[in-house]
Structure formats: structure tokens, C-alpha cells
Amino acid sequence: MSEAAKTLEGWYSLHDFRAIDWTSWKMLSSDERQAAIHEFLSLLDKWNTTQSEKKGSHALYTVVGQKADFMMMVLRPTLEEINEIENEFNKTKLAEYTVPTFSYVSVVELSNYLPSDQDPYQSPEILARLYPILPKSKHVCFYPMDKRRQGNDNWYMLPMEDRRNMMRSHGMIGRQYAGKVKQIITGSVGFDDYEWGVTLFSDDAIQFKKLVYEMRFDEVSARYGEFGSFFVGNLLEEDRIAQLLHIN
Ligand code: VOV
């Protein structure tokens with residue numbers, strides 16, 4: 001049997017994708033729409049307080065294309081809190097005018113492919129990666145992925161050393177994007193339909209394309225990567241929410 005990589009887990013994560021039901025939303029009076037927006041902003045206020053206390057983090061992005069209109073990514077210490085947040089949003093007025101289009105449940109994950117001698121829970125860098133405050137980058141890119149388990153291409157039957165070498169090469173490509181793309185890898189084995197969620201943040205959306213393309217030529221992605229749907233979007237600042245939902 002091959003040796004399993006050891007993983008460290010941080011905050012639980014929910015990616016919640018919604019389409020807006022514009023037809024119904026337009027039928028509300030302007031006052032009703034204002035009240036719904038106001039209620040949603042109060043919910044975000046609450047999440048901002050949690051974030052400032054470093055008990056979680058969240059990000060709000062519009063999604064380009066027909067897969068969704070916006071995405072909420074929420075990080076919390078427990079799966080119960082993730083579930084509560086989901087229900088809390090679903091009880092808002094705004095939620096009545098949204099249609100869920102996709103969701104992803106996972107947990108922030110780091111592996112020991114690139115070993116370090118430190119006690120990970122004493123390292124501020126590692127703690128910052130396990131419990132990240134999500135950046136306010138202009139763009140987000142999200143997709144779920146697997147490592148292939150087929151015929152001769154079975155990641156899970158490779159010796160640790162081969163996997164480590166491939167992950168080292170993966171990390172070297174990624175490092176060239178330092179300062180341009182921030183990645184958050186969340187593990188979802190046992191939680192959702194793929195093995196990982198990949199969330200990328202950047203101020204320049206073209207960097208997503210360049211990074212993902214370059215990685216396609218690297219063995220771990222070229223031979224073993226299998227990908228779900230890709231979502232790409234733009235930062236939805238709180239002061240733009242009213243504008244997004246505004247009807248003339
Ligand atoms: C922005 C750049 C970037 C950087 C610097 C980076 C580095 C690293 C390091 C050092 C490590 C290993 C240790 C750890 O930290 O866990 C990883 C781990 C991982 N990665 Fe990565 N990755 C990046 C970016 C990055 C991208 C764009 C993708 C998607 C791949 C693609 O083809 O579309 C990805 C995937 C993953 C996955 C699924 C894992 C877990 C694999 C496993 O088997 O456990 N990743 N990654």
C-alpha cells in the first residue's frame with residue numbers, strides 16, 4: 001500500500017452559487033427590494049464582525065456567464081456554523097429571489113508533500129494558510145478537481161516519493177505566480193463530489209488562464225488532473241450590491 005499524505009485541516013468552507021430570479025425580483029416594489037437588500041447587508045455586517053474577530057472569513061463575487069450570478073464563499077471553524085450560515089441566508093428575503101445553482105463543501109487543507117521540520121501549529125505562516133482571511137482581489141476563479149485513478153494512471157498507487165517529486169514541481173510553477181495569484185486548496189474527500197476545491201484570487205483575471213494553462217503541462221496536472229466546472233467572477237463590494245440589484 002502507498003503511504004497516504006498527511007494533511008492539516010483548517011477552517012471548513014462553503015462555496016454557494018446563486019442565480020438571481022430577475023423576473024420575480026422585478027415584480028417587487030422598490031421598497032420591498034430596498035428592505036431585502038438592507039437585510040442582506042445586515043447579514044454581511046454580522047459576517048464582517050466574525051471576520052474581524054478572526055473566527056472565520058467570507059468573500060462575495062459576481063459570477064460571469066450563465067452558471068450563476070453571484071457566489072458566497074464562507075469559512076468557519078465548524079461544519080455546524082457553515083450549515084447555520086447557509087440556513088440563515090436561505091431565510092432572508094433576497095434568498096427567495098435566488099436559485100441555487102451549485103455548492104461545494106470542503107475544508108482548508110495543507111499536505112506534507114513539501115515537508116518542514118517545524119511544528120505546523122506553531123508556525124504563523126501555516127496558521128495563516130489554514131485560517132485565511134480571504135483577500136479582496138478583483139477576481140476569483142473556482143473549480144473542483146480530482147486526481148485520476150485509472151489504469152496505469154492511478155495517483156493513489158504511486159509511491160510517496162514520486163508524488164512528492166511531482167508536487168515539488170507543481171509548487172515551483174505556482175511560486176512563479178507569487179504576488180499575482182493567491183490559491184486556497186480545500187479538501188473535500190468524503191464531503192463533496194470531487195477531491196479538492198481550487199479557489200484562486202487575483203487582480204488580473206488573465207493570470208488564472210496563464211497559471212492553469214501552464215500547470216496543464218506539468219505532470220501532476222497533465223497526467224493526473226481531472227476537473228469539474230470552472231467559475232470565474234468579479235469582486236462584489238458591499239457598496240455595489242444595491243447597484244447590482246437595482247431595477248429602473
Ligand atoms: C498560485 C499558485 C500555487 C502554488 C504556489 C501551489 C503550491 C502547492 C503546494 C506547495 C502544494 C503541496 C503542499 C500543500 O500546500 O498542500 C499544493 C497542493 C495542491 N495544489 Fe497547488 N499551488 C498553486 C496553484 C494550484 C492550482 C492552480 C491548482 C489546480 C491544478 C490545475 O492544474 O489546475 C492546484 C491544485 C493543488 C492541489 C489539488 C493540491 C493538493 C494535492 C494533494 O495531492 O494533496 N494548485 N499546491
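Conventions used here
Residues numbered from 1 in each chain as written. Predicted model: local features only at pLDDT ≥ 70, side-chain atom pairs only at ≥ 80, totals over all residues. Heavy atoms only, no water. Phe/Tyr/Trp six-rings, centres within 6.5 Å; stacked < 30°, edge-to-face > 60°. Helix = DSSP H or I, 4+ residues; strand = E, 2+ residues; numbered from the N terminus. Buried < 20%, exposed > 50% of the residue type's maximum accessible area, 1.4 Å probe, protein only. Lys NZ or Arg CZ within 6 Å of the ring centre and 35° of its normal. Axes fitted to C-alpha atoms, helices over the stretch in contact; angles between N-to-C directions. Parallel < 35°, antiparallel > 145°, perpendicular 65-115°, else oblique. Left-handed = near helix turned anticlockwise from the far one by under 90°. Contact = heavy atoms within 4.5 Å. Nonpolar A, V, L, I, M, F, W, Y, C, P; charged D, E, K, R; others polar.

**Q** Describe the packing of aromatic side chains, naming the residues involved and giving the relevant values.
**A** Counting across every chain of the model gives 19 aromatic pairs. Look at Tyr12 and Phe191: their rings are 6.1 Å apart centre to centre, the planes differ by 35 degrees, and that puts the pair in the tilted class. On the criterion of sequence distance, the pair formed by Tyr12 in strand S1 (residues 7-20) and Phe191 in the loop between strand S8 (181-187) and strand S9 (196-202) is long-range, its members being 179 residues apart. Owing to a relative accessible area of 23%, Tyr12 belongs among the partly exposed residues under this scheme. Taking relative accessible area as the criterion, Phe191 reaches 37% and is therefore assigned partly exposed. Linked through ring pairs, Phe17, Phe102, Tyr104, Phe142 and Phe231 together constitute an aromatic cluster. Here the basic side chain of Lys180 rests over the ring of Tyr177, its NZ or CZ set 5.5 Å away from the ring centre.

**Q** Go over the packing of helix H6 (residues 160-175) against helix H7 (residues 206-216), please, and point to the residues and values.
**A** Two numbers describe how H6 lies on H7: the axes approach to 10 Å, and their chain directions differ by 155 degrees. Between H6 and H7, the angle is such that the two are roughly antiparallel. H7 is crossed by H6, and the crossing has right-handed handedness. Touching His170, Ile173 and Gly174 of H6 are Leu211, Glu214 and Met215, all from H7. Its residues placed into classes, the contact of H6 with H7 shows 3 nonpolar, 2 polar and 1 charged.

Such coordinate-based values are descriptive only and should not be taken to indicate function.
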